[in-house]
Amino acid sequence: MQTLIQDLRYGLRMLMKKPGFTFIAILTLALGIGATTAIFTIINSVLLRPLPYPDAERLVYVGQKFRSGLAGSGEPKFLFWREHNQSFEALAAYSNFGGAGGNLSSGNEPEFVRGLRISEDFFQVLGVYPALGRPFTQAEDTPGSAPVAILSDGLWQRRFGGDKDLLGKTVLLNDQSVTIVGILPKHFQFSESIDLYVPLKARPNANYDPNATVVGRLKSGVTLEQAASEFQSIADEYREAFPKQMQEGESAGVRPYKEIFTEDVEKLLWILFGAVGFLLLIACANVANLQLTRAAGRQKEIAVRRALGAGNGRIIRQLLTEGVLLALIGGTAGLLLAVWGTEVLIAALPQGYLPNASQIKADGWVLAFAIVAAIITGLLFGLAPAWQAGKVDVNQTLKESAGRGTATRGRLRGALVVAEVALSLVLLVGAGLLIRTFANLLNVEPGFDPRNVLTFQVALNGARYDTTSEAAAFYRDATERIKALPGVESAAVVNKLPLDWQFNMPVTFPENPDKVQSVQLRMISPEYFKVMKIALQQGREFNEADNPGAASVAIINEAFARRYFNEKNPLNQQLTVGRGLGDPMRQIVGVIADVKQMGLDSDALPMVFVPIPQMSDKLMAVVRAFTVANFTVRTRVAPLSLSKAIKNEIATLDATMPVSQILTMEEVANRSVASQRFNMLMLALFAGLGLLLAAVGIYGVVSNVVAQRTNEIGLRIALGAQSVDVVKLVVKYGLGLAISGIGLGLIASFGLTRLMKSFLFGVSATDPLTFVLISILLITIALLACYIPARRATKVDPMIALRYE
C-alpha cells in the first residue's frame, strides 16, 4: 500500500509538471468516457434496469399470436383468457380512453386529459396501489355501472391543487359526473402522458372487438414456457367456442412485458453504445500516442531508475499507475459531463422515442461503469509506454540526448493512428448512411401539401354528441365558423391525420360478405382533400349533398384499388365498413392519390374515406372511442396566428369543449421524422468527435516524426532538396498511415453497417457512394493534418540541423 501511495504521489507530480499534456489528455478522456457513460445511463435505465414495479420479472404480455408476432387482444378474448388460465395471479387489460383522452370541465377552463381504460385488477397486476383512496372494484368494472376515475398525482396537483378532500367527490368528465375514488402515488408513472384511469368495462359480446393490451403477473414458480403452453391450449378452446372470432393461423402467446416497451429501441441503443465505444477507443489511442511522446522525453529518467536497481516490473507498474490516475481524473470529469449530457439528451429526445424518458437517471451502476471504464481506459493507453519502457537500453540511452525516438516507438505510434483512422471511418460511414437516409426521407412525396395548414384536436366526448347527426352538426358549424375567419381558405375534419399512425376497421364486399379485410378508415368532412391538396385520381370528392338521406358513398385510395380491385375499375363498386356496426352498403365514387400514413419511410396502406353525416351511430361511437377529431385549416396567413381566433370560435359553439394539440402540418411532418433526425445527429456527433481526435492523432505523429528526422531533413535540404520534396516526404508518411486505416475501416464497415439495415431508407448498408465520399473526406483531413508539420519541416535550417547533437 505504501508503494502504491508513493506511485500515486509521484505520478501526480509528473502530471503537474506537464500541464499542457495533462489538460489535453484529461479533455480527450472526459469526452470519450463522458459520452460512453451518458449512453450507458440510458441503456441502464431503459434496457437493463427492471420495470419500476415489484417483482417486475413476473409481468408478462399476453396477445393474439400470428406468424408476424404478437398483437393486442379484443375485450371478449381477454375475458375468456382471464377466466380459463391457471398461470397468472391476475390478468388485466387496458386500452385508450375516448380517443386517448377526455374533456375535463370541472374547475377552470376545460382541459383535454389523456386517459386509460383499465380492468379492475390492473393495479394489482402491476403491484401498485393508490396513495389515497382505493383501486376499482369488480362491480365498478361492469358495463352499466356508475362512472368512477382514479387520477394521476400530476393531474391532482395541477388541476385540483392536491386537495385531499377530492376523494368521493365528482368531476365533470365528458359531460358526465364521475366520482374520484383514488389518487396514484407521486412516483408512479405508467406512461408520461396518462392523467386519469377509468374502468375498462369489457363486454363479452362486443359487436366491435376493440384492441386492448393484456398484461398478467405469473404465479410464483410458473415459467414463461409453461404459460405459453397453457395459452396455446386456451386459444384452441376459444376457437372451438367462437370459431368466427378467430382468424386463420391465429393463436395466443406470451412474452416478457418489458419487451413491448423496449423492442423498438433496443437495437438502436446498442448501436449508439457501440459508436461511443469506438469513440472511447479512439480517445485511448490518442492519449496513448500522447503518452508515447511524453515517454520519449523520460527515457533518461527511466534509464537512470533502472541503473539504480529498479526492475522492469517496478517501472511498468509506475507507468500504469500514472495512466490509471490520469484516466480516473478524466473519468471524474467525464462523469460530470455525462450527468449534464444525459439531461441534454433527454431534453432533445423526440416525443415517445424512449419509454418513460423522464425516469432516466444515473445510479450506482452508472457510477460503477464510469469507474471501471476509467480504469480499463487507463490500463489500455498506459500499456504502450509501459511496454516501451521495458525495452529501454540503459547504456545506449544514457549516451544519447533526451528526446530521441526509436523506430519501434514510431511503428507503435503509427499503428495507433491507423486504428484511430479505421474506427473513425466506421463511425463516419454509419453517420453518412443515416444522413443519406434522412435526406431521402425529406425528399419523399407525402401525397399532401403540409404548407400553410393548421391542425388542432377537439374530442366530442359527451352525451350531447352521442349520435352521428349531433356530432356532424358540430363539425359542420365549427368548420363554417372557421372558414369565415380572415385569412382562412378552407377547413375540414378527419379522425386521423396523415403521418399519424393507423386506425383499422373491417371492410367487406358484397360478393364475399364473410371474408373480412382490415383497412384504414377515415371519416372526413367535405373539403378535406382540398385543405390537404390531395389529388383526386378518379370520380368525385364528397360534398354537402352526401347527407343521411342520400345514397351512401365512399372514396378509396390507389393502394386500396390496387389490392382489392386489381385491373377492375373501382368506381361504382360496393363495400361495407365496420362489420356488425350498422353501416350501409356504400358505393365507391372516387379514388384519391396515395398518402403516407404510417411514416414517410412506409408504403401507403389501403384506405377508405366515408362522409361524416353518413356514418351509423355505432360506427361513429367506435371511431370516436379510439380516435380524436382533427380539424385541418388551410390559411393565407401564418397558420399559428389564427390559434386564438379559432379557440374563440370553438368556445362560442361549446364553452366546455377544449382545443388541444394546435400544430402546423409542417410540425406534424417534422415530428414524423424526429427519430431519424435524432439518430442521425447522435451518430454524426460521435463521428465528428472521432474524426477530430483522429486528425489530432495524425498531426501529433507526423509532428513527432518531423522532430525525430530533423537531421535527415536538414541533410536533404543541404544536398539540394526543394521544399516540395520535403513536403512530399512528410505527407507520404502521414498519408500512408491514413490509407492503411481507411483500408481496415472499409473492411470493418462492410460488416458492421449491416446492423443498421433496419434504420436505413433509400440507401444500402454498403452504399458505394457513401463509402467513397467518407474515404475521400478522411484522406482530405489527413492531408491537412500532415501539411502543417510538413510546412514546418521545410523551414529547417540545414546548419542547425547538422549541429543537432
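Look a little higher up for the structure.
Scoring rules and cut-offs
Residues numbered from 1 in each chain as written. Predicted model: local features only at pLDDT ≥ 70, side-chain atom pairs only at ≥ 80, totals over all residues. Heavy atoms only, no water. Helix = DSSP H or I, 4+ residues; strand = E, 2+ residues; numbered from the N terminus. Buried < 20%, exposed > 50% of the residue type's maximum accessible area, 1.4 Å probe, protein only. Contact = heavy atoms within 4.5 Å. Areas by Shrake-Rupley, 256 points an atom, 1.4 Å probe, with all protein chains shown as cover. Salt bridge = Lys/Arg side-chain N within 4 Å of Asp/Glu carboxyl O. Phe/Tyr/Trp six-rings, centres within 6.5 Å; stacked < 30°, edge-to-face > 60°. Expected span 1.5 Å × (residues − 1). Bend = angle between axes of the 7 residues up to and from the residue. Polar contact = N/O pair within 3.5 Å; in protein donor to acceptor, adjacent residues only side chain to side chain. Arc of directions from axis to C-beta. Patch = residues over 30% accessible without salt bridge, like charges linked within 9 Å, V, L, I, M, F, W, Y side chains within 5 Å. Axes fitted to C-alpha atoms, helices over the stretch in contact; angles between N-to-C directions. Parallel < 35°, antiparallel > 145°, perpendicular 65-115°, else oblique. Left-handed = near helix turned anticlockwise from the far one by under 90°.

Q: So, the overall build of the chain: which residues are in play, and what are the values?
A: Counting its secondary structure elements, the chain contains 24 helices and 23 strands. Here the chain holds 805 residues, and 53% of them are scored as buried. Sequence-distant contacts, at least 24 apart, represent 83% of the contacts inside the chain between residues at least 6 apart. For the chain, the exposed area adds up to about 35700 Å²; of that, 57% sits on carbon and sulfur atoms.

Q: Just give me the short version of the pattern of salt bridges, but keep the residues and values in it.
A: Under the definition given, this model contains 23 salt bridges. What emerges from the salt-bridge pattern is a single network uniting Glu 111, Arg 158, Arg 159 and Asp 195.

Q: Explain the packing of aromatic side chains to me, and be specific about the residues and the numbers.
A: The full count for this structure, using the stated rule, is 30 aromatic pairs. The interplanar angle of 65° and the centroid separation of 6.2 Å between the aromatic rings of Tyr 475 and Phe 631 together place this pair among those described as edge-to-face. One end of the pair, Tyr 475, is in helix H14 (residues 468-483); the other, Phe 631, is in strand S22 (residues 629-635), and 156 residues separate them in sequence. Judged by relative accessible area, which is 0%, Phe 631 ranks as buried. What links up through ring pairs into an aromatic cluster is the set Tyr 53, Tyr 94, Phe 122, Phe 123, Phe 188, Phe 190 and Tyr 197.

Q: Summarise helix H23 (residues 768-794); cite the residues concerned and give the values.
A: Along its 27 residues, H23 runs 38 Å from first to last C-alpha, staying within 8% of the 39 Å computed at 1.5 Å per residue. The largest bend in H23 is about 30°, located at Tyr 787, with the proline Pro 789 one to four residues further on. Here H23 has its buried residues at Thr 770, Phe 771, Ile 774, Ser 775, Leu 778, Ala 782, Ala 785, Cys 786, Pro 789, Ala 790, Ala 793 and Thr 794.

Q: Before we move on, can you summarise the side chain of Thr 28 with the specific residues and values?
A: Its location among the elements puts Thr 28 in helix H2 (residues 19-48). The class for Thr 28 is buried, based on a relative accessible area of 8%. Here Ile 24 takes part through its backbone oxygen, which lies 2.8 Å from a polar atom of the side chain of Thr 28.

Q: Before we move on, could you go through the side chain of Thr 262 and cite the residues and values that matter?
A: One can find Thr 262 in helix H7 (residues 259-262). A relative accessible area of 6% means that Thr 262 is categorised as buried. Among residues more than four places away in sequence, those in contact with Thr 262 are Val 46 and Leu 47.

Q: Give me the environment of Val 589: which residues, what numbers.
A: Along the polypeptide, Val 589 turns up in strand S20 (residues 586-592). Sequence-distant contacts of Val 589, that is, excluding residues within four places in its chain, are made with Gln 538, Gly 539, Arg 540, Phe 542, Val 553, Ala 554, Ile 555 and Leu 571.

Q: Requested: an account of helix H6 (residues 224-241), with residues and values cited.
A: Every α-helix winds through 3.6 residues per turn, so residues three or four apart in the chain are directed the same way. Over its 18 residues, H6 runs 26 Å from end to end, which matches the ideal 26 Å to within 8%, given 1.5 Å per residue. Taken together, the buried positions of H6 are Ala 227, Glu 230, Phe 231, Ile 234, Ala 235 and Tyr 238. Down the axis of H6, the sector holding all buried residues measures 150°, keeping them to one side. Away from its buried face, by an angle of more than 90 degrees, H6 presents the exposed residues Glu 225 and Glu 240.

Q: Any details on a nonpolar patch on the surface? Residues and values, ideally.
A: Taken together, the side chains of Phe 23, Ile 24, Leu 27, Leu 31, Leu 337, Trp 340 and Val 344 define a hydrophobic patch exposed on the protein surface, amounting to about 660 Å² of accessible area. Of all the secondary-structure elements, those providing two or more residues to the nonpolar patch are H2 and helix H10 (312-348). Among the elements that take part in the nonpolar patch, H2 stands out by supplying four residues, more than any other. Along the polypeptide, Trp 340 turns up in helix H10. Residue class for Trp 340 comes out exposed when judged on its relative accessible area of 54%.

Q: Lay out the packing of helix H3 (residues 75-84) against H6 in plain terms, naming residues and giving numbers.
A: Contact geometry of H3 with H6 gives a least axis separation of 11 Å together with a crossing angle of 120°. The orientation of H3 relative to H6 falls into the category oblique. In the crossing of H3 with H6, the sense of the turn from one axis to the other is right-handed. Touching Pro 76, Lys 77, Phe 80, Trp 81 and His 84 of H3 are Glu 230, Phe 231, Ile 234, Glu 237 and Tyr 238, all from H6.

Q: Just give me the short version of the environment of Arg 464, but keep the residues and values in it.
A: Among the secondary structure elements, Arg 464 is positioned in the loop between strand S13 (453-458) and H14. Once residues within four sequence positions are removed from consideration, Arg 464 is found in contact with Asp 175, Glu 470, Asp 654 and Thr 656. Within the local environment of Arg 464, its side chain forms a polar contact with the side chain of Asp 654, the two groups lying 2.8 Å apart. Engagement of the side chain of Arg 464 in a polar contact is seen with the side chain of Thr 656, the distance being 2.9 Å.

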